[in-house]
Amino acid sequence: MDTSRPVSAEEPRHSAHPGDAATATVSPRGIVTGWSEGARRLLGYRASEVVGRAAVALLDATGVPRAAGFVPVGSQEWSGATALRHRDGHRVELVLRSSPVLDGDDETLGFVVTATPGHDLRMVEWAYAQSSVAMSTFTTETGRWWPNPAAGDGDGSPYPDVLDGEGEFLRHVRLVAEQAVPMRYEYWAPGPSPSREQAWIIEMWPVRDPGTDRVCGVGTAAFDSSEQHWARRRLALLNEAGARIGTTLNVERTAQELADLAVPGLADFVSVDLLDSVTRGEEPAAGPVGTDVVLRRVAHQSAAPGVPEAAVALGAVDTYPGFSPPARCLSTGRPVLSGEDDPDFVRWISGHEARSATVRTYGFHSIMAVPLRARGVTLGVAVFARGSSSGRFEQDDLILAEELSGRAAVGVDNARRYTREHTNALTLQHSLLPHGLPRQVAVEVAYRYLPAGSGAGVGGDWFDVVPLSGTRVALVVGDVVGHGLHASATMGRLRTAVRTLADVDLPPDELLTHLDDLVTHLTYDDESVPGGMPSAGEIGATCLYAVYDPVSRVCTIASAGHPPPAVLYPDGRVTVVRLSPGPLLGVGGLPFEATEVELPEGSLLAFYTDGLVEARDHDIGLGLDRLCRALATPVPSLDVTCEAVLKALLPDTPDDDVALLLARTRALHTDQVAAWSLPADPAIVADARAQASRQLAVWGLQEAAFVTELVVSELVTNAIRYGEVPIGLRLIRDRTLICEVSDASSTAPHLRRARTYDEGGRGLHMVAQLTQGWGTRQTSTGKTIWAEQPLPTG
């Protein structure tokens, strides 16, 4: 009959006792040969009324066409639903199962027919047909599908590739049939928008024939899991936001990360506009923004390549009227869901020609405007839009957009704060670094300073060139550990201290000792730790101090934990100076040692901070080798050498600040220097004046003779009166005229105010009045008093 089908293992069974089963035996010719008590109770016929009659006579007349297969044929088992006639005439719906009875030769002796009430089967059929759950059965023998109405075969069907007979779903169905194990299959189909796919979970199980335990089909039930799928997608997007938004301390980059994340997962187009003050790192006003607001476009993204929908270019400024959704969300501090059914949206779009053309072209019909707020401060607005290919935004989308924008706002605010601090630190650092190097003749100088290119912030790298007496020059480079305002401020204090100590004309090792004491005091003043004792080297600074004398052509160098300089000699050799480096500044208690290096005229000294030669992928040794190779490359000038060194050693964005100071040595020759050794005899003063006057005549500086003779007289007299032998006089002609008198005493003279009747005490006062500068410096053998005057003009 046409309703026959394999019997499922899940099919309802008769609940009566086995002895009460409705059973009959039928001969191969279709004659009833046996009748059970259960059959009597079911149909009302006694055995005597049925046995010997044709089985087909029991069929209900209206059910005959449906039960044409009731008469047993051959030796095959058979089951099916049919209708029989009760003895009192009413119709009885039954499910019949016929099994052959065989003899020893496998010949059919008859059939055992078992009947169960058919209303149970009808109930199952009704439940299957009327179920709100999409269900179906697959027959392995015929390969046919039997879906219920809820399964359907249209666009909303959870069975994607049943009709075309191929695909992943049918592969899983066949696996269930072959392996006889239940499986679960998840299926996604395009939904109302790219962010709202239709999702299904389809349970599959094998259906077995109870008689043979053979798998004869596969049952399926599909459950709409779209809400759960969308919720998982939202959670996944939020989780992704934690990893992708705020990866840098750059305002524009953070805003772009929000736009990149939201397209196409949430919207077809996203724009991020910020207040101008935020892009500059300034503190915007607290609370919501007023009505009409001017914003700068810093980021946008689109599902289409090239972002053709953008009505405002990156970096451009746009004014949002107070009634527009972006301005409304900024004034209230709450997100706004708007679209083509919102009069204010239509009014806003129609009032902007480029935006109106974009909406018409791409069919934007639904937007969300979400304020970017962090720590009580409004930073800007993010606008999410959907075009004609996507459905409208819903409340869940607005909640998700608000969460994403909140995370982005924190990242933007962090970047803004960093920008402000970085700008302030950079301004402070630039104000503390040399804006122009002082005039001096000892060395030719070029320098470069590069702030770190990453988010580390401005560091404490610094350098300086300090002219000293006797045409000497001090070359200084240092590095304060750390970054930010604190490092820049500490660098400024150290640079000022070095300049002050350099004016005292201390030797390099002594200068570093005093600087070390200063840093120790700074540590105690600024960084107090539990227990009242600060940790050693809390400030963590290095410094290298070198003094070059163009007369002796000797460079004296001392280091406080700083990398040694490299030297390019005139013959092309490049070496790294072998120093005895001292400890970091602030450690205290350890000595610093000076190293003297004699340099031929034209030698090139390279001073630098560790950012030039150290990196994550190599150690300082490799960096020094690269520096030496770069210095050895012939270049036309020191400025070009600086560029060549930086290019050879640094990436495009260095991880640390870099300071580079190059100095090419010059020398004062014998025709520029005159020196005499003097006895400790007051009578020699006149002879010293005469020798100085003759030397000035040789140099053509007769106009300076009067002042020079007076200076020589006073300084030599003081050396004889208060100093110790040996006494020396030296004149140096360079861009100025320098007179120096040396003796073996370490006692430094000082100016004093002479009373009216005092015979002495006015010499140094006159020297100070007649020259442009004078001073004293300690030497290894005593001291030197010097006075400097400009060369005569004309």
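Cut-offs used in this document
Residues numbered from 1 in each chain as written. Predicted model: local features only at pLDDT ≥ 70, side-chain atom pairs only at ≥ 80, totals over all residues. Heavy atoms only, no water. Salt bridge = Lys/Arg side-chain N within 4 Å of Asp/Glu carboxyl O. Helix = DSSP H or I, 4+ residues; strand = E, 2+ residues; numbered from the N terminus. Buried < 20%, exposed > 50% of the residue type's maximum accessible area, 1.4 Å probe, protein only. Core = buried A, V, L, I, M, F, W, Y, C linked by side-chain atoms within 4.5 Å. Contact = heavy atoms within 4.5 Å. Expected span 1.5 Å × (residues − 1). Arc of directions from axis to C-beta. Axes fitted to C-alpha atoms, helices over the stretch in contact; angles between N-to-C directions. Parallel < 35°, antiparallel > 145°, perpendicular 65-115°, else oblique. Left-handed = near helix turned anticlockwise from the far one by under 90°. Nonpolar A, V, L, I, M, F, W, Y, C, P; charged D, E, K, R; others polar. Patch = residues over 30% accessible without salt bridge, like charges linked within 9 Å, V, L, I, M, F, W, Y side chains within 5 Å. Areas by Shrake-Rupley, 256 points an atom, 1.4 Å probe, with all protein chains shown as cover. Pairing = 2+ DSSP bridges. pLDDT = per-residue confidence, 0-100. Phe/Tyr/Trp six-rings, centres within 6.5 Å; stacked < 30°, edge-to-face > 60°. Lys NZ or Arg CZ within 6 Å of the ring centre and 35° of its normal.

1. Side note on the pattern of salt bridges
- In total, this model carries 40 salt bridges according to the counting rule given.
- One salt bridge in this structure joins glutamate 257 and arginine 253, with 3.8 Å as the shortest N-O distance. Placement of both glutamate 257 and arginine 253 in helix α6 (residues 251-262) is noted, with a separation of 4 residues, approximately one turn of the helix.
- Here glutamate 257 falls in the buried class, since its relative accessible area comes to 4%.
- Salt-bridge contacts for arginine 280 lead to aspartate 276; the nearest nitrogen and oxygen are separated by 3.9 Å.
- For arginine 280, a relative accessible area of 45% corresponds to the partly exposed category.
- In the salt-bridge network here, residues are joined through shared partners; they are Glu283, Arg375, Asp413, Arg416, Arg417 and Arg420.

2. With respect to the nonpolar core
- Ranked by size, the top nonpolar core spans 57 residues in total, and within it Leu266, Val272, Phe384 and Leu404 carry the most contacts.
- The element contributing the most residues to this core is helix α11 (residues 395-432), with 8 residues.
- With residues up to four places along the chain from it excluded, the contact list for leucine 404 reads Leu237, Leu238, Ala241, Ile245, Leu258, Leu261 and Leu266.
- If you look at the next biggest cluster of nonpolar residues, it comprises 29 residues, including Ala674, Leu701, Val711 and Val712.

3. Things to note about helix α16 (residues 684-699)
- Here α16 is 16 residues long and its end C-alpha atoms lie 23 Å apart, about the 22 Å a rise of 1.5 Å per residue gives.
- Turning to α16, its buried residues are Ile684, Val685, Ala688, Gln691, Ala692, Gln695, Leu696 and Trp699. Buried residues of α16, seen end-on, are gathered within an arc of 140° and therefore sit on one face of the element.
- Phi turns positive one or two residues past the end of α16, at glycine 700, with a value near 75°.

4. What to know about the packing of helix α5 (residues 226-244) against α6
- The N-to-C vectors of α5 and α6 enclose an angle of 150°; their axes lie 10 Å apart at closest approach. In terms of their interaxial angle, α5 and α6 are classed as roughly antiparallel. In this structure, α5 meets α6 at a crossing whose hand is right-handed. Contacts between α5 and α6 involve Leu237, Glu240, Ala241 and Arg244 from the first element and Glu257, Asp260 and Leu261 from the second.
- Partitioning the contact of α5 with α6 into residue classes produces 3 nonpolar, no polar and 4 charged.

5. Describing a nonpolar patch on the surface
- Together, Leu584, Val587 and Leu590 give the surface a local cluster of nonpolar side chains, amounting to about 220 Å² of exposed area.
- Counting through the fold element by element, leucine 590 comes out in the loop between β23 (574-576) and β24 (594-598).

6. A few points about the packing of helix α14 (residues 620-632) against helix α15 (residues 638-649)
- At a minimum axis separation of 9 Å, α14 and α15 run at an interaxial angle of 145°. The chirality of how α14 crosses α15 is right-handed. Along the contact surface, α14 presents Gly623, Arg626, Leu627, Ala630 and Leu631, while α15 presents Thr641, Val645, Ala648 and Leu649.
- For the contact of α14 with α15, the per-class residue count stands at 6 nonpolar, 2 polar and 1 charged.

7. Digging into the sheet that holds strand β27 (residues 673-678)
- Sheet architecture is open: 5 strands sit in the order β27-β28-β29-β31-β30, paired in antiparallel fashion. Whereas interior strands pair on both sides, the edge strands pair on one side only; in this sheet they are β27 and β30 (773-779). When strand polarity is set aside, the average angle formed by the axes of neighbouring strands in this sheet is 15°.
- Pairing geometry for β30 and strand β31 (residues 782-790), over 7 bridges, is antiparallel. Within β31, the position partnered with glutamine 778 by the bridge is lysine 783.

8. Some thoughts on the environment of glutamate 37
- By the secondary structure assignment, glutamate 37 is in helix α1 (residues 37-43).
- Considering only alpha carbons, one finds glutamate 37 and alanine 47, 10 residues apart in sequence, at a separation of 8.3 Å.

9. A look at the confidence of the model for the protein chain
- For the protein chain, per-residue confidence averages 84 on the pLDDT scale, and 86% of positions sit at 70 or higher.
- Predicted confidence for residues 1-19 stays below pLDDT 50, and this span has 29 contacts to residues more than four positions away or in other chains.
- For the stretch residues 528-537, pLDDT sits under 50, and the model shows 12 contacts to residues farther than four places along the chain or on other chains.

10. Thoughts on the packing of aromatic side chains
- Overall, the coordinates contain 8 aromatic pairs when judged by the stated rule.
- Taking 4.9 Å as the distance between ring centres and 40° as the angle between the ring planes, the aromatic pair formed by tyrosine 447 and phenylalanine 463 counts as tilted. One end of the pair, tyrosine 447, is in strand β17 (residues 443-450); the other, phenylalanine 463, is in strand β18 (residues 459-467), with 16 residues separating them in the sequence.
- With relative accessibility at 1%, the residue phenylalanine 463 sits in the buried group.
- In this structure an aromatic cluster arises from ring pairing among Phe138, Trp145, Phe169 and Tyr185.
- Between the NZ or CZ atom of arginine 347 and the centre of the ring of phenylalanine 323, over which it lies, the distance is 3.7 Å.
- Across the ring face of tyrosine 569, the terminal group of arginine 573 is positioned such that the distance to the ring centre comes to 4.4 Å.

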